[in-house]
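Structure at a glance
Residues per chain, in single letters:
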Amino acid sequence: MCNLGEGLAEEREAIGFAKGEASGKEKTMISVVLQMNKMHLPLDQMMTISGKSEQEIKEIIDKYSKDN
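This write-up is about the structure you can find in this document. (Residues numbered from 1 in each chain as written. Predicted model: local features only at pLDDT ≥ 70, side-chain atom pairs only at ≥ 80, totals over all residues. Heavy atoms only, no water.)

As for the overall build of the chain
Scanning the chain from terminus to terminus reveals three helices and zero strands. Each helix and strand of the chain, ordered N terminal to C terminal, gives the series α-α-α. For the chain, the residues scored as buried account for 16% of the 68 residues in total. Residue pairs at least 24 apart in sequence account for 34% of intrachain contacts in the chain once pairs closer than 6 positions are excluded. On the chain, roughly 5500 Å² of surface is accessible, and the fraction owed to carbon and sulfur atoms is 56%. (Helix = DSSP H or I, 4+ residues; strand = E, 2+ residues; numbered from the N terminus. Buried < 20%, exposed > 50% of the residue type's maximum accessible area, 1.4 Å probe, protein only. Contact = heavy atoms within 4.5 Å. Areas by Shrake-Rupley, 256 points an atom, 1.4 Å probe, with all protein chains shown as cover.)

With respect to helix H3 (residues 54-64)
Within the span of H3, buried status applies to Ile57, Ile60 and Ile61. The buried side chains of H3 occupy one side of the element, clustering within an arc of 95 degrees when seen end-on. Seen from the open side of H3, the exposed residues pointing more than 90 degrees away from its buried face are Asp62 and Lys63. (Arc of directions from axis to C-beta.)

So, in structure tokens, the structure goes:
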């Protein structure tokens, strides 16, 4: 029984780490998109650099831009 509890704890830890890593990557990408927007890069360049779609970039700018 002890091994089962340890296995579940390790699995939860791994899931938490993966979620935290994904969250960190998304926060970084939001920062990158916002910085590119401040630099007035064309949308096509922003899409190429970020790997995000036009719609995703526009949503990020609308949601997180301090100019709104």
